[in-house]
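Chain and residue survey
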Amino acid sequence: RIEEGIAFYRKIGINFTDQLLRIAVTMKSKGQFTLANKTLRYAIRYEKNSKRFAEIYIEQLDLFASFAKRDSHLATSKKLFGLFKQKKLTSNQIKTLRFQTAKQGAILQKQAAGKTYKRLKKQRLKKANMAIAYFGMLKNLEPNKDYEYAYLQAETTFVIKDYSRAVRYYDESFDMAVIKKNKIFMGRAIEGLLSTLGKRRLSKKIKESYYIPVYEKYLVNYPTGKRSLSIYQKLFKVYLERKQYDKSKSVLDRFVKVRSKDWKTQEAMIAELMEVNRKKKQNEKIRTWIKDIDEKKYIVSKKYAKKLRELLTSMQIEEVQLDLKKGNKKKALIGYHNILKDPNSTKRSKMNA
C-alpha cells in the first residue's frame, strides 16, 4: 500500500524516501522486481534533495543488474556518470558505478562476440553498442586504465566488422598506452590498427587518412619490429604516390640506419626515386645518388652500381653533345676530356669522348 503511505507522509510533511529505499531493497531480495522498481521510481519522483538522487540510482543499478534489465541499467549508468562528471558522487558510489559498468560491459561484449547472436545482427549490434558505451564511461571512471577500455571498444567494433570505428578506437588506445608507457597494450593496439587497415570493407578514404600516421607511429616505436620491413616499404610507397619525395627519401635514410645490410630494399627505393629524377631531368640529383653510393652511404648490388655509372657517363656525353650543338666548342672539348679522366666512365663513353 505504497501510495497510501506516500499520501500520509506528504500530508504531515515528512521526507519518506529513506523508507521507500528500504522497501525497494526488501522487495528486490524477495524477487519482486516490478514492485521494487515502482518503489524506486516513487523515490526519485518525491525526493526533494538532488544530492540524494545518486543513492537512489545506485539502488536501481543493483536492481537492474540482478534482473538483467540491460537497457534500464545503461540508462541509469549514464545518469550516474553525469553526476560523476559534475563531481556529485562519493568515493563509494564511484566504486559501485565502476564495478557495475565493467561487469555489464564485459557481459555484453561476450554476447556480441559469441555464436548465439551471430545471425541476429540487430541484437548483436545493439549489445555491441551498449558495451562500447560502458567502456566509454570507464575510460573516465578509471583514467589510469583508459587505454585498456579504448582497446575493448576497438575489439568490440572489430568483432561486429565496424572497421571505421575500430581503427579509431585502436588508434586512441595506442596513443593512450604510449602516454601511460604500457608496452603490452601498445603492442595489442598497433597490431589491431594494422589488421584493421588491411580489411577490404574499410573505405579507401579512411585507409588513406590513417596510412601515414599509423606507419609513422609504428616506426617511431618499433624501428626494428617484426613488421618494420614491410612498414618501411609501405610508408615509402605512400609518400611516393603522394609525390612527397623528400619524405620518401627520409624513410629510406631511416631504413638504412636500422637495416644497413639490406641492399635489395635500398636498391628498390633508390631506383624509384632516381626514376623520378630522371623523368624530371634532375641530373644533379642523380649525380648525388651515384656519389652517395660510391661513398657507401647506400648499398646496392654491383650490377646496379655499374648501371648507374653507365647512366652517369651517358648523361655526361649528352651534356657535352648539347654544348657542341650550341657551338660551345671549347666547353665541349673540356667536357670530352673530363669524361676521359673520370675513373667511373665506361669504355663506350671514353671511346665516344
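Model, not experiment: these values are computed from the prediction.

1. Notes on the overall build of the protein
- On a plain count of helices and strands, the protein comes out with 18 helices and 0 strands.
- Taken against the 2.2 N^0.38 rule, which gives 20 Å for 353 residues, the C-alpha radius of gyration of the protein at 35 Å runs more than 25% over that of a compact globule.
- Taken along the three principal axes of its C-alpha coordinates, the protein extends 120 × 40 × 30 Å.
- Residues classed as buried in the protein amount to 42% of the 353 residues present.

2. Some points on the pattern of salt bridges
- Across all of its chains, the model carries 16 salt bridges by this definition.
- The closest approach of N and O atoms between Arg-254 and Glu-216, which form a salt bridge, is 2.8 Å. Of this pair, Arg-254 sits in helix α13 (residues 245-258) while Glu-216 sits in helix α11 (residues 204-221); the two residues are 38 residues apart in sequence, bridging distant segments of the chain.
- On the basis of relative accessibility, which here comes to 26%, the residue Arg-254 falls in the partly exposed class.
- For Glu-216, a relative accessible area of 18% puts it in the buried group.
- Its salt-bridge partner being Glu-272, residue Lys-237 comes within 2.9 Å of it at the nearest N-O pair. Residue Lys-237 is located in helix α12 (residues 228-241), and its partner Glu-272 is located in helix α14 (residues 263-279); the two are separated by 35 residues in the primary sequence.
- Taking the relative accessible area as the measure of exposure, Lys-237 reaches 36% and is therefore partly exposed.
- On the accessibility criterion, Glu-272 (31% relative accessible area) is partly exposed.
- Put simply, Glu-142, Lys-145 and Glu-148 are held in one network by salt bridges that share partners.

3. Thoughts on the nonpolar core
- Counting residues in each nonpolar core, the largest one holds 53 residues, and the members touching the most others are Val-214, Leu-235, Leu-252, Ile-270, Met-274, Trp-289 and Tyr-298.
- Top contributing element to this core by residue count: helix α9 (residues 163-180), with 8 residues.
- Ignoring anything within four residues of it in the chain, the contact list for Leu-235 reads Ile-212, Tyr-215, Glu-216, Leu-219, Val-251 and Arg-254.
- Counting 21 residues, the second-largest nonpolar core is a separate cluster that includes Phe-81, Phe-84, Leu-89 and Leu-141.

4. What to know about the packing of helix α8 (residues 146-159) against helix α10 (residues 183-197)
- Here α8 crosses α10 at 25 degrees, and the two axes come no closer than 11 Å. With respect to each other, α8 and α10 are oriented roughly parallel. Considering the relative orientation of α8 and α10, their crossing is left-handed. Between α8 and α10, the contacting residues are Tyr-147, Glu-148, Tyr-151 and Phe-158 on the first element and Phe-185, Arg-188, Ala-189, Ser-195 and Thr-196 on the second.
- Classifying every residue of the contact of α8 with α10 by side-chain character gives 5 nonpolar, 2 polar and 2 charged.

5. Comments concerning helix α2 (residues 17-29)
- If you check α2, its first and last C-alpha atoms are 19 Å apart, about what 13 residues at 1.5 Å a residue would give, namely 18 Å.
- When we look at burial in α2, the residues that qualify are Thr-17, Leu-20, Leu-21, Ala-24 and Met-27. Burial along α2 is one-sided: seen end-on, the buried residues are contained in an arc of 125 degrees. When the buried face of α2 is taken as reference, the exposed residues oriented beyond 90 degrees from it are Arg-22 and Ser-29.
- Where the residues of α2 are buried, they touch α1 (2-12), α3 (33-46) and α4 (53-66).

About the cut-offs
- Residues numbered from 1 in each chain as written.
- Predicted model: local features only at pLDDT ≥ 70, side-chain atom pairs only at ≥ 80, totals over all residues.
- Heavy atoms only, no water.
- Helix = DSSP H or I, 4+ residues; strand = E, 2+ residues; numbered from the N terminus.
- Rg over C-alpha atoms; globule rule 2.2 N^0.38 Å.
- Buried < 20%, exposed > 50% of the residue type's maximum accessible area, 1.4 Å probe, protein only.
- Salt bridge = Lys/Arg side-chain N within 4 Å of Asp/Glu carboxyl O.
- Core = buried A, V, L, I, M, F, W, Y, C linked by side-chain atoms within 4.5 Å.
- Contact = heavy atoms within 4.5 Å.
- Axes fitted to C-alpha atoms, helices over the stretch in contact; angles between N-to-C directions.
- Parallel < 35°, antiparallel > 145°, perpendicular 65-115°, else oblique.
- Left-handed = near helix turned anticlockwise from the far one by under 90°.
- Nonpolar A, V, L, I, M, F, W, Y, C, P; charged D, E, K, R; others polar.
- Expected span 1.5 Å × (residues − 1).
- Arc of directions from axis to C-beta.

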